[in-house]
Amino acid sequence: AGYPYYIVSRPKLYELILKQVPAHKIRFGNRVLNITDGKDKVTVHLSNGDTFEGDIIVGADGAYSAVRQRMYENMKAKGQLPISDQEELPFSCTCLVGQTKVLDPKEFPEVALDICHFTSTHGMDKPFSWHTFNTAQGTISWMVVQHLDSQTSKAALEQRFRDTQNSEWGDHPAQTMCDETRSFPIPIKDEKICNLGDLYDLTPKEYISKVMLEEKVFETWHHRRFVLLGDACHKLNPAGGHGAVTAMHDAVALANLLYAMPTKTLSDITRIFEEYRKERYPAAMGSYKYSKQIFKMAEKTIIGALYSYFMTHMPKWLWRLALSHPLGHRPQAGFLTPIKVQGTVVPVISPSEQKARAVFEIQQQSAAAV
């Protein structure tokens, strides 16, 4: 859409974000034990005994959000929580992910390519699909998906909640899945990399993990001084590449509305939370459906085969039409100098950005007058 594509590793993204936040504002190694919602404040109690007070609490803590759990407990006790939000996160796949160390382009020409190349392989006689792509950091990222039938998926879910230490998804299961899939061939044109095992050997163990691919958009995103964003309120299949993107868009929209909020009263907080969900829920749902459609290519069904054939042979004009929705959602922070809009897809109007931009311009004019 007029912007260059860059594949950035998650550790590198974390590093870039951390540089923008004062170190004393981030607390590592502390669990949230409890959250109390008072009349005019919310208090967070940490495992080390520290407490923090604020006007609101934002749950950006992942698919199994402790903030969401606490918020839903309060709502359920009052009979205010929808039935759909009381159900467990569904999933039908487990996934092994990793990223190699930085590779020498003389030895591995694949990493020297100017653009990102995705490769996808689907096992004809095995319940797996596997994917690789080169990054701008001179590494190769990879993902191996195991497609579960309904019975296996249910058993895995039950096992996860029986095991409070979550070791089902620790180092041992990851190594077991690596051993099981080492011989799977990959279509990278490099004599040094012929199968998944070659990539595993080039990947530091701490960069390998096994995860579940949950998929769900929750109905309830806020209650009183609680509000959710990212995976905490919409967990998407990674096939569409929208997980982190939608979380960032949530954060931008919420920040815009907080910036423009006139007072810190509960009524104003409730109103801006409602505006936030109204803007972001349709976008998140659109990304959820798009990701599910993309993932259907990997399903071992007639529908999956049809999807794969159709998307492989889809003309460029139809691809552009299909991508217009996800690429159209790119809100900006209205309290910063606007970035010039580029690309062929016109951005969807963001009410939160417009509201923050109006306040920002008034403040700029007032400052100039002084």
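Here the residue numbering is sequential within each chain, running from 1 through the sequence in written order. Local features in a predicted model are, by the rule used here, given only for residues with pLDDT of at least 70; side-chain atom pairs are given and counted only at 80 or more, and totals for whole chains, interfaces and linings are based on all residues. Calculation of side-chain values draws on the structure's entire complement of heavy atoms; hydrogens and water are dropped beforehand.

1. Structural notes on the overall build of the chain
Secondary structure counts use DSSP, requiring at least four H or I residues in a row for a helix and at least two E residues in a row for a strand, with both numbered from the N terminus. On a plain count of helices and strands, the chain comes out with 10 helices and 15 strands. Expected size for 370 residues packed as a compact globule is a radius of gyration near 21 Å; at 22 Å, the chain falls within 12% of this value. Its C-alpha atoms give the chain principal-axis dimensions of about 65 × 50 × 40 Å. For every residue, the accessible area (1.4 Å probe, protein chains only) is compared with the maximum for its type, and the residue is labelled buried under 20%, exposed over 50%, or partly exposed between those bounds. Per-residue burial for the chain yields a buried fraction of 40% across its 370 residues. The contact criterion used throughout is that any non-hydrogen atoms of two residues lie within 4.5 Å. For the chain, the proportion of contacts with a sequence separation of at least 24, taken over those separated by at least 6, is 64%. Residue exposure ignores everything except the shown protein chains as possible cover, and the areas themselves are Shrake-Rupley values with a 1.4 Å probe. By element, 58% of the accessible surface of the chain is carried by carbon and sulfur atoms, the whole surface being about 21,200 Å². Counted charges follow a simple rule, with Lys and Arg positive, Asp and Glu negative, and His plus the chain ends left uncounted. For this purpose, a charge sits on NZ of Lys, CZ of Arg, CG of Asp or CD of Glu. With 42 positive and 40 negative side-chain charges, the chain shows a spacing of 4 Å between the two charge centroids. Radius of gyration: C-alpha atoms only; globule rule: 2.2 Å multiplied by the number of residues to the exponent 0.38.

2. Thoughts on the packing of helix H6 (residues 243-260) against helix H7 (residues 266-295)
Note on method: axes are straight lines fitted to C-alpha atoms, helices fitted across the in-contact stretch only, with angles between N-to-C directions ranging 0 to 180 degrees. For the pair H6 and H7, the least separation of the axes is 10 Å and the interaxial angle reads 160°. Judged by the inter-axis angle, H6 sits roughly antiparallel to H7. Handedness of the crossing formed by H6 with H7: right-handed. Facing H6, whose interface residues are Thr246, His249, Asp250, Ala253, Leu254, Leu257 and Leu258, H7 presents Ile272, Phe273, Glu275, Tyr276, Glu279, Arg280 and Ser287. Oblique is the label for any angle not covered by the other classes, which are roughly parallel (under 35 degrees), roughly antiparallel (over 145) and roughly perpendicular (65 to 115). The hand of a helix crossing depends on one turn: near helix anticlockwise from the far one by less than a right angle means left-handed, and clockwise means right-handed.

3. Here we look at the sheet that holds strand S8 (residues 140-147)
Sheets are built from strands paired through backbone hydrogen bonds, the pairs being either parallel or antiparallel. One bridge is not enough; two strands pair if DSSP finds at least two bridges between them. If you walk across this open sheet you meet the five strands as S6-S7-S8-S5-S11, and the pairing is antiparallel. The sheet is open, and its two borders are formed by strand S6 (118-122) and strand S11 (209-214), each paired with just one other strand. Neighbour to neighbour, the strand axes of the sheet diverge by 20° on average, direction disregarded. In the sheet, strand S7 (residues 128-134) pairs with S8 via seven bridges, with the strands oriented antiparallel. Pairing of phenylalanine 128 across the sheet is with glutamine 146, part of S8.

4. Structural notes on the environment of leucine 33
Positionally, leucine 33 belongs in strand S1 (residues 32-37). Separated by 105 residues in sequence, leucine 33 and glycine 138 place their C-alpha atoms 40 Å apart.

5. Thoughts on the layout of surface pockets
Whether a set of points on the 1 Å grid over the protein atoms alone is a cavity depends on a 1.4 Å probe fitting there but being unable to get out, while an open set qualifies as a pocket with protein on both sides within 12 Å along at least five of seven lines; lining residues are those with an atom within 4 Å of a point. Grid points are joined across faces, edges and corners, and a volume is the space filled by probe spheres set on the points. By volume, the second largest pocket amounts to about 390 Å³. Considering the residues around the second largest pocket, the lining is formed by 15 residues, among which Arg68, Gln69, Tyr72, Asp85 and Glu88 are closest to the centre. The element contributing the most residues to the lining of the second largest pocket is helix H2 (residues 66-77), with five residues. Tallied by class, the residues present in the lining of the second largest pocket amount to six nonpolar, three polar and six charged. Ten residue types, Ala, Val, Leu, Ile, Met, Phe, Trp, Tyr, Cys and Pro, are classed as nonpolar, four, Asp, Glu, Lys and Arg, as charged, and the remainder, Gly among them, as polar.

6. Remarks on the pairing of strand S3 (residues 51-54)
Here strand S2 (residues 42-46) runs beside S3; their pairing, made up of four bridges, is antiparallel. Looking at S3, one finds that valine 42 is bridged to glycine 54.

7. Digging into the pattern of salt bridges
In the sections that follow, a salt bridge refers to a side-chain nitrogen of Lys or Arg positioned within 4 Å of a carboxyl oxygen of Asp or Glu. For the structure shown, the criterion picks out 15 salt bridges. Ionic pairing is found between glutamate 15 and lysine 19, a salt bridge with its closest N-O pair at 3.9 Å. Using a relative accessible area of 37% as the deciding quantity, one classes glutamate 15 as partly exposed. Using a relative accessible area of 60% as the deciding quantity, one classes lysine 19 as exposed.

8. Overview of a nonpolar patch on the surface
Residues forming no salt bridge and having over 30% relative accessible area are the ones grouped into patches, like charges within 9 Å of each other and nonpolar side chains (Val, Leu, Ile, Met, Phe, Trp, Tyr) within 5 Å. A grouping of Tyr14, Leu18 and Phe28 is seen on the molecular surface, where their side chains present a nonpolar patch of about 360 Å² in accessible area. Position of tyrosine 14 among the secondary structure elements: in helix H1 (residues 10-18). A relative accessible area of 45% means that tyrosine 14 is categorised as partly exposed.

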